[in-house]
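Listed below are the residues making up each chain.
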Amino acid sequence: MDKLHNPFSPGAGTPPPELAGRDNILNRALLTLARIKRGRAEKSILIIGLRGTGKTVLLYEISKLAENENYQTAMIEAHEKKSLPELLLPELRRILFSLDTEEKISDKVKKAFRVLKSFVSSIKFNTKIQEIDFGMSIEPQRGIADSGDLESDLAQVFIAIGEAAKDRNTAVAIIIDELQYLTEEELSSLIMSVHKLSQKSLPVVLIGAGLPQLVGKAGRAKSYAERLFDYPELGPLKKEDAKIALQAPVERENVSFSDDALNEIIRVTEGYPYFLQEWGYQAWNIATQSPIGIEVARKATDLSIKQLDQNFFRVRFDRLTPREKEYLRALAELGTKPQKSGNVADKLGLDVKNAAPLRNNLIKKGMIYSPKHGDTAFTVPLFEGFMKRIMPREL
């Protein structure tokens, strides 16, 4: 049981040694990519799931599928400190340079450069992105993407890039992780852009991922969002898929888990992919022989929980204010299932109106979501146990 040969690699977005149970979504994405490249109408895809379900891993796999289909791909991660245009512009610039490598000059590509230059000059940025080097003497395209209205201008940028890609007989995949962090204006602009692309049958597709609140946020941004996107949901793996995720990697190293060990790990992890990786990693390092038995699995639980408390859970906890921590502790005290927001407020000794700002801030920070109106649940599986361990005193 050489640690050097440990097949498991728990980490944020780290590809697992065995991607089990996600074939349906990958096949759906492949069909979407193939149809859009051929000028066929198809919905873009927004993958929805809690933390630790493997959304980022799937986006990377879809990016590989797109590249195999000869797409130009842009993969970015949304976050709270940069605007959507700031995140998109360097990648869109790179794509246009990729489209402009052939000897034959493309007027469509040149126009797309001018439109992008117009966009850069019309939007106010927090950084010095206006100074972006286009590598050529180029004038803005006056009257296109220069109004300063993000919703209108971004759509015109996407259309210009779609026309350039079509002229080069290729397609573009824009892949965005953590979409829930976009502002309502940014998300509305992105949805509008996808709508315009769809109307013109241009070969540009949006593949995104986010926490469950993304569905409601998209619907509020644009009422027709549900008709533009498929929203496949990622949850914990089914038991048989979870077994494959654990057993297949070790079998390639001539090792195996006992059935009891597999069942125990799946029970405590609830089948969430990230946790399966963590438990598998710890179990391999503890084990001295094959098969890896249930006692090793139980020891792996102790080590895994300690590791999660110090890292996976802790980094999220440390972003919170003291009152936000108290809110999550109250939610944890009520149980593992979604709870009525009024019950959480009661636990805190507040009325619902006074508790609402805390709840809203925690939703914005991606810590909780509302499975249905008035309910509140953690976006991080097993987080209620962490809250009880780190704040053991009952409220």
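Residues numbered from 1 in each chain as written. Predicted model: local features only at pLDDT ≥ 70, side-chain atom pairs only at ≥ 80, totals over all residues. Heavy atoms only, no water.

1. Considerations on the packing of helix α9 (residues 239–251) against helix α10 (residues 259–269)
Rule in force here: Note on method: axes are straight lines fitted to C-alpha atoms, helices fitted across the in-contact stretch only, with angles between N-to-C directions ranging 0 to 180 degrees. Under the scheme used here, helices are H or I runs from DSSP no shorter than 4 residues and strands are E runs no shorter than 2 residues, and both carry numbers assigned from the N terminus. Any angle from 65 to 115 degrees is called roughly perpendicular, while one under 35 is roughly parallel, one over 145 is roughly antiparallel, and all others are oblique. Here a crossing is called left-handed whenever its near helix is offset anticlockwise from the far helix by less than a right angle, and right-handed whenever the offset is clockwise. In this analysis, two residues are considered to be in contact whenever any of their non-hydrogen atoms come within 4.5 Å of each other.
Relative to each other, α9 and α10 sit at 115°, their axes nearing to 10 Å. One finds that α9 runs roughly perpendicular with respect to α10. For the element pair α9 and α10, the recorded crossing hand is right-handed. Between α9 and α10, the residues in contact are Lys239, Ala242, Lys243, Leu246 and Gln247 and Leu262, Asn263, Ile265 and Ile266, respectively.

2. Considerations on the nonpolar core
Rules: Throughout, nonpolar core names a set of buried Ala, Val, Leu, Ile, Met, Phe, Trp, Tyr and Cys residues whose side chains join them through atoms within 4.5 Å. Residue exposure (1.4 Å probe, protein chains only): buried if accessible area is under 20% of the type maximum, exposed if over 50%, otherwise partly exposed.
Ranked by size, the top nonpolar core spans 54 residues in total, and within it Val157, Phe158, Ile174, Ile176, Leu190 and Ile191 carry the most contacts. Of the residues forming this core, the biggest block, 10 residues, is contributed by helix α5 (residues 150–167). In contact with Ile174, not counting residues within four places along its chain, are Ala74, Leu88, Leu92, Phe158, Val204, Val205, Leu206 and Ile207.

3. A word on the packing of aromatic side chains
Going by this rule: Centres within 6.5 Å are what make two rings of Phe, Tyr or Trp a pair, Trp counting through its six-membered ring; a difference in plane orientation under 30 degrees is then read as stacked, over 60 as edge-to-face, and the rest as tilted. A ring is scored as having a charge over it whenever the NZ atom of a lysine or the CZ atom of an arginine sits within 6 Å of its centre and within 35 degrees of its normal.
Here the structure, examined in full by the defined rule, presents 14 aromatic pairs. Seen from their ring centres, Phe275 and Phe313 are 6.3 Å apart, and the 65° between their planes marks the pair as edge-to-face. Remark: Phe313 occurs in the loop between α12 (294–310) and α13 (314–317) and Phe275 occurs in helix α11 (residues 273–286); sequence separation between them is 38 residues. Here Phe275 and Phe313 have matching classes, each one buried. When the centroid spacing of 5.3 Å and the interplanar angle of 35° are considered together, the rings of Phe313 and Phe386 count as tilted. Separated by 73 residues along the polypeptide, Phe313 in the loop between α12 and α13 and Phe386 in helix α17 (residues 383–390) bring together distant segments of the chain. Comparing Phe313 with Phe386 shows no difference in burial state: the two are buried. Among the aromatic side chains, those forming a connected cluster through ring pairs are Tyr272, Tyr274, Phe275, Trp279, Phe312, Phe313, Phe317, Phe378, Phe383 and Phe386. Above the face of the Phe312 ring, Arg316 is positioned so that its terminal group lies 4.5 Å from the ring centre.

4. Quick word on the side chain of Ser341
Mapped onto the elements, Ser341 comes out in helix α15 (residues 341–348). Taking the relative accessible area as the measure of exposure, Ser341 reaches 15% and is therefore buried. Contacts of Ser341, omitting those with residues within four sequence positions, involve Tyr327, Arg359, Gly374 and Thr376.

5. Considerations on the side chain of Gln277
Inspection of the secondary structure assignment puts Gln277 in helix α11. Beyond its immediate sequence surroundings of up to four residues, Gln277 is in contact with Phe8, Ser9, Pro10, Pro16, Pro17 and Ala245.

6. Describing helix α6 (residues 184–199)
Quick reminder of the rule: Multiply 1.5 Å by the residue count of a helix minus one, and that product is the helix's expected span.
Its 16 residues place the ends of α6 22 Å apart at the C-alpha level, agreeing with the 22 Å of an ideal helix rising 1.5 Å per residue. Every buried residue of α6 is listed here: Glu186, Leu187, Ser188, Ser189, Leu190, Ile191, Met192, Ser193, Val194 and Leu197. Downstream of α6 by a residue or two, Ser201 has a phi angle that is positive, lying close to 55°.

7. Re the sheet that holds strand β8 (residues 368–369)
We apply this condition: Only when DSSP finds a minimum of two bridges between them are two strands counted as paired.
The sheet built from three strands is open, its strands ordered β7-β9-β8 with antiparallel pairing. Edge strands, defined here as strands with exactly one partner in the open sheet, are β7 (339–340) and β8. Pairing between β7 and strand β9 (residues 375–378): two bridges, direction antiparallel. When the bridges of β9 are listed, Gln339 appears paired with Thr376.

8. Points about helix α16 (residues 352–364)
The following threshold applies: Polar contact criterion, stated in full: a pair of N or O atoms within 3.5 Å, where within protein one must be able to donate a hydrogen and the other to accept it, and residues adjacent in sequence count only if both atoms are side-chain atoms.
The first and last C-alpha atoms of α16 sit 18 Å apart over 13 residues, in line with the 18 Å expected at 1.5 Å per residue. Among the residues of α16, those classed as buried are Ala355, Leu358, Arg359 and Leu362. In the core, the buried residues of α16 are packed alongside α14 (322–333), α15, β8 and β9. Between the side-chain oxygen at the start of α16 and the backbone nitrogen of Lys353 there is a gap of 3.2 Å, and the oxygen is on Asp351. Looking one or two places after α16, you find Gly366, whose phi comes out positive at around 75°.

9. Notes on the pairing of strand β1 (residues 44–49)
Counting buried residues in β1 gives six out of six residues, a clear majority hidden from the surface. Burial of β1 is two-sided: the residues Ser44, Leu46 and Ile48 facing one way and the residues Ile45, Ile47 and Gly49 facing the other way are all buried. When β1 meets strand β5 (residues 229–230), the two strands line up parallel, connected through two bridges. Across the sheet, residue Ile45 finds its bridge partner in β5, namely Asp230. Strand direction decides the pairing type here: β1 and strand β4 (residues 204–210), joined by four bridges, are parallel. Bridged to Ile47 within β4 is Ala209. Bridge count between β1 and strand β6 (residues 233–234): two bridges; the pairing is parallel. Considered in β6, the bridge of Ile48 is made with Glu233.

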